[in-house]
Amino acid sequence: MKLSEKIKSGFTYFEGGCGTILQSKGLKPGELPETWNILHPDIITGMHYDYLTAGADIIKTNTFGANILKYAKDDEQFSLSGVIEAAIANAGEARVRAGREDAYIALDVGPLGKLLKPLGDMEFEKAVGIFAETVKIGAAAGADAVLIETMNDIYEAKAAVLAVKENCDLPIILTCAFDESGKLLTGADPVTVVTVAEALGVTAVGVNCSVGPRQMADVVKTMAEYASVPVVCCPNAGLPRVENGKTVFDVDPQDFAEAFEDIVKGGATILGGCCGTTPAHIKAMHDLTVGMEFSVPTTKTDSLISSYTHSVAVGDKTVLIGERINPTGKSKFKQALRDHNIDYILQEGLTQQDKKADVLDVNVGLPEIDEVAMMKEVVTELQAVTDLPLQIDTTNIEAMEQALRLYNGKAMVNSVNGKEEVMREVFPLVAKYGGLCVALTLDEGGIPDNAKDRVSIALKIVKRAADYGIQARDLIIDPLCMSISADPNSANVTLESLRLLRDEHGLNTVLGVSNISFGLPNRDLINGTFFAMAMQNGLSAAIMNPNSSEMMKAYYTHNALRALDENCMEYVDYAVNFVPDVKAPVQGGKTSDTAGASGEAKDKNAGADNEAPLVTAIRKGLKDRAAALTEEMIKTESSMDIIDGYLIPALDIVGKGFENKTIFLPQLLMSAEAANSAFAVIKETIAGNAEGDGDSKGKIIVATVKGDIHDIGKNIVKVLLENYGYDVYDLGKDVAPELIVETAIKEDIRLIGLSALMTTTVPAMEETIKQLRASGCPCRVVVGGAVMTKEYADMIGADKYCKDAMETVRYAEEVLQG
């Protein structure tokens, strides 16, 4: 039976942990686990055998860290191909010994330990290439599936999935590591993970690592509510601690198994374990759950798009798509494109976000610019400063593909139509990268002048999309609206089309609403009323100007009247902040056709009215604007006044948002980058005039411990500490204890930050702390990482455990400034 069939017919069981078992067999601190595929094949084979006899159906190869960052292609003893081929051979041998020819071998692919640009320094395509090297070897060696696990960044997960899709046809199982708040490191919630994973075509999706089984139950339940593919759950055996230099966990097999009752009831059907679990855990869990009721995965009908943090559902409540990032009819925007003024484009996006747009349309098509390059840059830069989903709006197929490939989430795609040539170009891209595709009701015969024929084109598009594996839920029909100044009946045709598409065919719809008033004076008056009529007739999403008070009034009042606004709270918030404009009279006492909107509501979340522009620029991650403002300010203010009066307060605002879970890692890092741009201007000025007020607040070492190459957390801490004025000695990754001790003594360091991602490298962290204490170095040690807890930190002798980068900054302030 194929794995894709097996997982839909009954419970399927993964193996449990690997690293902690190898530690119990003698794996030394800092030693790479994958080398044991070659050095100790009998132990690896025996581990797989024990899991198979305990009830596991899928072997996880000992290749979690097997990539070209760790293993060179031409290494004589431990080449990448040698390590992976040995791992799969060991798994195959275990399968034979156990008499389990029905079992499957999953190539285990873990994270690279790097943040991708724009948050980190690794290019997206480089990440795809690194994963591809591993996948090609594993597929050729005989893997039955690819398990992409412990992903804490949905963008890196996308890179890994594309690497698999582009180099083999094996089933893809994706599991991510959620924290206690139910989010990934970079902010994605469970629905977003499902949305992106299914858009990319994974075979199953779920959660692993980070926490114990009871803490995973809610995440599993949420994923199962939205997933059309099977849901996976592979938790840790609770929390880790150190005993006699080895990592052990606090949930025994029986407790582990009992916790799975709620997980199975929540909808998980592929079950297993992660750190700290053993064959005994898997057997107990298997025996308890195998007789439970199996939840057959069902196809869901939710139409979802997403950014890298959250999803937006297209359904009863009209989704607002901001139209301002588009050169059509906008001379200033056209000039910004010609001048490569990215800051102007970002400001347009942020302004629409402040005005409550749900999605941003992105169209950068001008004949005189390189649309492909500009689209890639704008999409990347926009996603660095806003977490709103984007609509990729272009007729340039290359620009569309490049944008969809680089996009972090599941985008809207604008557009396809009923022309066969266009469908042949666009649908393969949507099928590969995912997306909610706008479908225009026109074809080779043009735009029909009646609703019935427009609906017929829509149904033709739906049918053709199915040939590419694209479901109706991933199409949103645009029945088109033309100006009533040219065709007085055009609004009636469009409204009837909306009604038919909703009531008779259950299809979602979208319109470029303002097209209805083209050529007329005071267009907002027509736009607002037509928008209300369109919503009443079933409009699912509107491409519109969120700065238009007439349209926003129609939106909020419609939602309140249609019971789409619980307790009218959104309307009340809008109404109490609404300030009518007073239009200036012109000749004859009439009002100007070009006068502004009739009123606007203040956005209480857009920052205080008196917030300094530099604070706003840093808070919103606008690095070019932050640098330009600092260049002006430093002409009249001292560097320390700028740092203490603007930069640090801005970072504190963002930092508190991060701690309160209202701001996520990408926004935190981009604000830090904007602050860095301002700091760079200050440093250059200080160097030029010998101004003496730029002293460091203290020296700190950061390092990822011996044997661990995952430095995401360490790098984030470094960036923030530097922004708060500390000199940071970054010793890198896989750092020997001796080097840390030597540097601490030589540089008279008072605070050291140590990071570890894997359970197998925590003993190296403990050894580093022991050597620091033995040396007499009077420093404090703060530790962090995915496997760390306060109790764990106390046991290995650390002074402080910090759960995230901002807490580390607070501790540094306490130690070095207290």
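Residues numbered from 1 in each chain as written. Predicted model: local features only at pLDDT ≥ 70, side-chain atom pairs only at ≥ 80, totals over all residues. Heavy atoms only, no water.

Visitor: Requested: an account of the pattern of salt bridges, with residues and values cited.
Guide: This model, assessed by the stated rule, comprises 40 salt bridges. In this structure, Asp799 and Arg773 form a salt bridge, with 2.9 Å as the shortest nitrogen-oxygen distance. Placement of Asp799 in the loop between helix H29 (790-795) and strand E27 (800-801) and of Arg773 in helix H28 (residues 762-775) is noted, with a sequence separation of 26 residues between them. Residue Asp799 is classed as partly exposed on the basis of its relative accessible area of 36%. The class of Arg773 is partly exposed, set by a relative accessible area of 36%. Three or more residues joined by partner-sharing salt bridges are found here, namely Lys114, Asp711, Lys714, Lys718 and Asp730. (Salt bridge = Lys/Arg side-chain N within 4 Å of Asp/Glu carboxyl O. Helix = DSSP H or I, 4+ residues; strand = E, 2+ residues; numbered from the N terminus. Buried < 20%, exposed > 50% of the residue type's maximum accessible area, 1.4 Å probe, protein only.)

Visitor: Before we move on, can you summarise the domain arrangement of the protein chain with the specific residues and values?
Guide: As far as domains go, the protein chain holds domain 1 (3-289), domain 2 (303-576), domain 3 (583-694) and domain 4 (699-817). Here the C-alpha centroids of domain 2 and domain 4 sit 48 Å apart. (Domains from an automatic or database assignment.)

Visitor: Account for the packing of aromatic side chains, with residues named and values stated.
Guide: A complete count under the given rule lists 8 aromatic pairs for this structure. The interplanar angle of 45 degrees and the centroid separation of 5.8 Å between the aromatic rings of Tyr574 and Phe578 together place this pair among those described as tilted. Given the relative accessible area of 21%, Phe578 is considered partly exposed. Members of the aromatic cluster, joined through ring pairs, are Tyr555, Tyr556, Tyr574 and Phe578. (Phe/Tyr/Trp six-rings, centres within 6.5 Å; stacked < 30°, edge-to-face > 60°.)

Visitor: Summarise a nonpolar patch on the surface; cite the residues concerned and give the values.
Guide: On the surface, Tyr571, Val572 and Val576 cluster together into a nonpolar patch covering about 260 Å² of accessible area. Structurally, Val576 can be placed in helix H21 (residues 569-576). For Val576, a relative accessible area of 60% translates into the label exposed. (Patch = residues over 30% accessible without salt bridge, like charges linked within 9 Å, V, L, I, M, F, W, Y side chains within 5 Å. Areas by Shrake-Rupley, 256 points an atom, 1.4 Å probe, with all protein chains shown as cover.)

Visitor: Any details on empty space enclosed by the protein? Residues and values, ideally.
Guide: A complete count under the given rule lists 2 cavities of 30 Å³ or more for this structure. Reported here for the largest cavity is a volume of approximately 160 Å³. Around the largest cavity sit 15 residues that line it, and Lys117, Pro118, Tyr155, Gln383 and Asn408 are the ones nearest its centre. Examining the composition of the lining of the largest cavity, we find that 4 residues originate from one element, helix H14 (residues 371-385), more than from any other. Here the residues of the lining of the largest cavity sort into 9 nonpolar, 4 polar and 2 charged. Each of domain 1 (3-289) and domain 2 (303-576) accounts for three or more of the residues forming the lining of the largest cavity. Approximately 60 Å³ is the volume found for the second largest cavity. (1 Å grid on protein atoms, 1.4 Å probe; cavity = no way out; pocket = protein on both sides within 12 Å on 5 of 7 lines; lining within 4 Å. Points joined across faces, edges and corners; volume = space filled by probe spheres on them. Nonpolar A, V, L, I, M, F, W, Y, C, P; charged D, E, K, R; others polar.)

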